[in-house]
Amino acid sequence: MKKVIEVEDLTKNYGDLKAVDHISFEVYRGEIFGFLGPNGAGKTTTIKMLTGLLRPTSGCGKISGMDVSQEPMQVRKQIGLVFQTNSLDDKLTGRENLSFHSRLYSVPEDTIRERIADLSERVGLSDRLDERTENYSGGMQRRLELIRGLIHHPKVLFLDEPTLGLDPQTRNHIWDYIQELKQEEDLSIFLTTHYMDEVELAERTAVIDEGEIIALDTIETLKDQLGGDLIFLKTADNEKSIRALENNFNLKAEKVDSKIKLTVDKGEQWIPRLTSMIDEDIKSINLHEPTMDDVFLHLTGKEIREKGPEDDFVNSGGEPNGPH
């Protein structure tokens, strides 16, 4: 497969602080590549380096074979970027925002009108283009920013927490648009998020924590690291039940809060077996197929913090914002 992003030993330091620590990966044409990590892990810093907004301390990033540090203007013609916070000019109409952006990217005048009409129709904004964007809802602003990021036919679309702050229904609609546009525009998508349901849409995902990539693979392979399905049960005497499960049935059991956690193959087949094996009264039992939440907890020993937006280590002036 053709590589559209190549990253080798990419690093960003602020004194002794490593915001991004020698990361390497590749993104292929036509794939959604997930970049999963908590706030402050280095996700936004990575995007800023790959889009030419921040100079790396060391290492190399390439877009379509062009070095982002050596050929930043050429790289920017190949990419679209949707920031995690609204970056529209709210005193302009939607159409004016798109026209201005089109001219910045030297989109031919005779195709600007057609391009705006086509994309706005696809995301359901045609009838609102001549309103000021300050009157748009959050979901409408995100849709307009998607159009803006695609107006110049980029090869790679960077989405930095694209649905942050939106309600679940609007988030789903935005992703319907993204997936439709990906197919029609033949895009590669680089997605940063801490929403686990969004990461599930990626063909491959890199897990980044404290500036380092600690895992990179398909969602299915990452989940397989957990060794099976998860079962949570609560009994009248959890300690006694854990000893019985480990000693008599060779099952690995651990106490999580007030419940017992088991990792087993084919979890649905274990439910009736457990109810007959355990002498203690079972208060509750639940089967839980592995999620990316579980993968992240397994890899890092902690949960992703759902705060937002991610300041990362860099403010608009390119300096550390402080500890994260």
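Preceding this section is the structure that the text describes.
Since the structure is predicted, the reported quantities are computational estimates derived from the model, not experimental observations.

> For this particular structure, what's the right way to read the pattern of salt bridges?
A side chain with one charge may pair with a side chain of the opposite charge, provided their charged atoms come close. A full pass over the atoms with the stated rule returns 20 salt bridges. The closest approach of N and O atoms between glutamate 184 and arginine 122, which form a salt bridge, is 2.5 Å. A residue pair is termed long-range when its members are at least 10 positions apart, and glutamate 184 in helix H6 (residues 168–185) and arginine 122 in helix H4 (residues 109–122) qualify at 62 residues. Residue classification places arginine 122 among the buried residues on the basis of a relative accessible area of 17%.

> Can you walk me through the sheet that holds strand S13 (residues 259–264) in this structure?
Either a parallel or an antiparallel arrangement is found when strands of a sheet pair, and the pairing is made through backbone hydrogen bonds. Spatially, S12-S13-S11-S14 is the arrangement adopted by the 4 strands of the open sheet, whose pairing is antiparallel. The open sheet has two free edges, formed respectively by strand S12 (253–256) and strand S14 (282–288), since each of these has just one partner strand. Across the sheet, the axes of successive neighbouring strands diverge by a mean angle of 25 degrees, strand direction being ignored. Here strand S11 (residues 229–235) runs beside S14; their pairing, made up of 6 bridges, is antiparallel. Note that in S14 the partner of threonine 235 across the bridge is isoleucine 282. Most of the contacts of helix H10 (residues 267–277) go to S14, to which it runs at about 170 degrees, and overall it touches S11, S13 and S14.

> Explanation requested: the layout of surface pockets in the structure shown.
Regions of empty space are outlined by a rolling probe, equal in size to a water molecule, passed over the atoms. Roughly 360 Å³ of volume is contained in the largest pocket. Mapped by element, the contributors of at least two residues to the lining of the largest pocket are strand S6 (79–82), helix H3 (94–104) and helix H5 (138–150). In terms of residues, the lining of the largest pocket owes the most to one element, H3, which gives 4 residues.

> Quick question: what am I supposed to make of the sheet that holds strand S8 (residues 188–193) here?
Pairing is mixed in the open sheet, where 6 strands are placed in the order S6-S7-S8-S3-S9-S10. Of all strands in the sheet, those with a lone pairing partner are S6 and strand S10 (212–217), marking the two edges. Adjacent strand axes in the sheet meet at a mean angle of 15 degrees, parallel and antiparallel pairs treated alike. Alignment of S6 against strand S7 (residues 156–160), held across 4 bridges, turns out to be parallel.

> What am I meant to see in the nonpolar core here?
One recurring pattern in soluble globular proteins is that nonpolar side chains are buried together. Within the largest apolar cluster, 30 residues are counted, with the highest numbers of intra-cluster contacts made by Leu144, Leu146, Ile147, Leu157, Leu159, Ile178 and Ile189. Of all the secondary-structure elements, those providing two or more residues to this core are H4, H5, S7, H6 and S8. The next biggest cluster of nonpolar side chains, apart from the first, holds 28 residues, and it includes Val27, Phe33, Phe35 and Phe190.

> Sorry if this is basic, but what is going on with the side chain of lysine 12 here?
Among the secondary structure elements, lysine 12 is positioned in strand S1 (residues 3–14). The exposure class of lysine 12 is buried, given its relative accessible area of 12%. At 2.8 Å, the side chain of lysine 12 forms a polar contact with the backbone oxygen of arginine 55. If near-sequence neighbours (up to four positions away) are discounted, lysine 12 is found in contact with Leu17, Lys18, Ala19, Val20, Thr45, Met49, Leu54, Arg55, Pro56 and Thr57.

Scoring rules and cut-offs
- Residues numbered from 1 in each chain as written.
- Predicted model: local features only at pLDDT ≥ 70, side-chain atom pairs only at ≥ 80, totals over all residues.
- Heavy atoms only, no water.
- Salt bridge = Lys/Arg side-chain N within 4 Å of Asp/Glu carboxyl O.
- Helix = DSSP H or I, 4+ residues; strand = E, 2+ residues; numbered from the N terminus.
- Buried < 20%, exposed > 50% of the residue type's maximum accessible area, 1.4 Å probe, protein only.
- Pairing = 2+ DSSP bridges.
- Axes fitted to C-alpha atoms, helices over the stretch in contact; angles between N-to-C directions.
- Contact = heavy atoms within 4.5 Å.
- 1 Å grid on protein atoms, 1.4 Å probe; cavity = no way out; pocket = protein on both sides within 12 Å on 5 of 7 lines; lining within 4 Å.
- Points joined across faces, edges and corners; volume = space filled by probe spheres on them.
- Core = buried A, V, L, I, M, F, W, Y, C linked by side-chain atoms within 4.5 Å.
- Polar contact = N/O pair within 3.5 Å; in protein donor to acceptor, adjacent residues only side chain to side chain.

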